[in-house]
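Notes for the structure review
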Amino acid sequence: MSQSYFVLGRLLNNRYRLIHHAIFVFLIFFFWFLFSVNQLKKPTDFLKLIAYSMTYVTIAYFNIYFLFSRYLMKNRIKMYVLLSVLTFIMSYLTQALIYIKDCNQLQKDLALSWALLADMMINAITYCMFIGIGLSVKMIKMWMNSEQKVISLEQENLKAKLSSLKSQISPHFLFNTFNNLYVLSKTNPKIASEMILGFSDLMRYQLNESEKEKVAIENEVEYIKNFLVLEKLRKDKLDLRIDYDKETVEGLLIEPLLFVTLIENA
């Protein structure tokens with residue numbers, strides 16, 4: 001995955017969840033502060049601005065964490081749109097009450113007119129803007145969580161395949177070795193004793209290292225060498241050698257017993 005993906009994942013990590021919420025709330029407050037800075041004359045004006053901004057915070061979170069999950073995610077689009085519109089109307093009425101001076105002014109401000117429709121349109125656009133920002137972040141998080149689950153499942157699947165491979169190696173190898181030992185114990189006891197010693201080293205490696213996720217490639221090569229020694233003991237004409245650059249592979253880690261099946265079959 002690209003570097004930008006990891007950077008985005010780090011920024012949107014749930015460890016910084018409170019910071020994300022703080023930034024989002026601050027964005028709403030700061031937007032309306034810039035929008036009405038010239039009208040802030042008295043301390044009460046600041047309190048009204050805070051209350052006004054809180055209506056946007058409330059409807060934004062209600063939409064993002066309730067309406068979105070409960071309706072839009074379940075493909076109940078009509079209900080989502082209807083409740084979003086009703087939420088907006090309720091918030092608009094609440095905002096009108098925050099700046100009310102008297103009932104006559106409230107009745108005048110809410111009287112149907114082009115000015116009212118224009119003001120509601122501006123508020124609706126702002127409403128959609130804040131909710132759009134919040135939903136965008138939420139959906140990116142959902143997408144990244146989905147990607148992480150896919151990666152995790154792929155890793156678990158790979159581990160399962162490796163475990164299955166390991167479980168297939170041991171019985172196959174054991175049966176072959178015991179059959180060879182049985183024959184050699186009758187025909188060549190000296191080679192049979194050497195084979196038993198080498199076999200014990202192999203079993204020790206399998207028992208101690210096969211449960212690990214990664215092993216040093218040098219240890220795996222040493223295991224393969226011991227394996228080939230056993231093969232040479234029972235096959236006089238077998239000529240094998242391992243050539244590799246030790247400096248190149250030094251420090252590399254691989255899954256244990258990864259190459260044994262290939263070598264055994266070969």
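To start, this report covers the structure provided alongside it. Model, not experiment: these values are computed from the prediction. (Residues numbered from 1 in each chain as written. Predicted model: local features only at pLDDT ≥ 70, side-chain atom pairs only at ≥ 80, totals over all residues. Heavy atoms only, no water.)

So, on to helix 7 (residues 189-209). Each turn of an α-helix holds 3.6 residues, which means side chains three or four residues apart point in the same direction. Compared with an ideal rise of 1.5 Å per residue, which puts 21 residues at 30 Å, helix 7 spans 30 Å between its outermost C-alpha atoms and is within 8% of the ideal. Taken together, the buried positions of helix 7 are Ile 191, Ala 192, Met 195, Gly 198, Phe 199, Leu 202, Met 203, Tyr 205, Gln 206 and Glu 209. Here the buried residues of helix 7 occupy an arc of 155 degrees about the axis, which is enough to place them on one side. Seen from the buried face of helix 7, the exposed residues on the opposite side, beyond 90 degrees, are Pro 189, Lys 190, Leu 197 and Leu 207. (Helix = DSSP H or I, 4+ residues; strand = E, 2+ residues; numbered from the N terminus. Expected span 1.5 Å × (residues − 1). Buried < 20%, exposed > 50% of the residue type's maximum accessible area, 1.4 Å probe, protein only. Arc of directions from axis to C-beta.)

On to the side chain of Ser 91. Relative to the helices and strands, Ser 91 resides in helix 4 (residues 77-98). A residue is classified by how much of its surface remains accessible, and Ser 91, at 5% relative accessible area, is buried. Among the polar contacts made by the side chain of Ser 91, one reaches the main-chain carbonyl oxygen of Phe 88 at a distance of 2.7 Å. (Polar contact = N/O pair within 3.5 Å; in protein donor to acceptor, adjacent residues only side chain to side chain.)

Per the stated rule, a full pass over the model turns up 12 aromatic pairs. A centroid spacing of 5.5 Å and a plane angle of 15 degrees characterise the contact between Phe 26 and Phe 30, whose relative ring orientation is stacked. A residue pair is termed a helical-turn pair when its members lie 3 or 4 positions apart in one helix, as Phe 26 and Phe 30 do in helix 2 (residues 17-36) at four residues. Following the ring pairs from residue to residue traces out a cluster consisting of Phe 31, Trp 32, Tyr 52, Tyr 56 and Phe 130. (Phe/Tyr/Trp six-rings, centres within 6.5 Å; stacked < 30°, edge-to-face > 60°.)

By size, the foremost hydrophobic cluster in this structure holds 23 residues, and its most contacted members are Ile 28, Trp 32, Tyr 56, Tyr 80, Tyr 127, Ile 131 and Leu 135. Here the element with the most residues in this core is helix 3 (residues 43-72); it accounts for 10 residues. Among all residues touching Ile 28, those that are not within four sequence positions of it are Ser 53, Tyr 56, Val 57 and Phe 130. In this structure, Met 195, Phe 199, Leu 202 and Ile 224 belong to the second largest nonpolar core, which totals 21 residues. (Core = buried A, V, L, I, M, F, W, Y, C linked by side-chain atoms within 4.5 Å. Contact = heavy atoms within 4.5 Å.)

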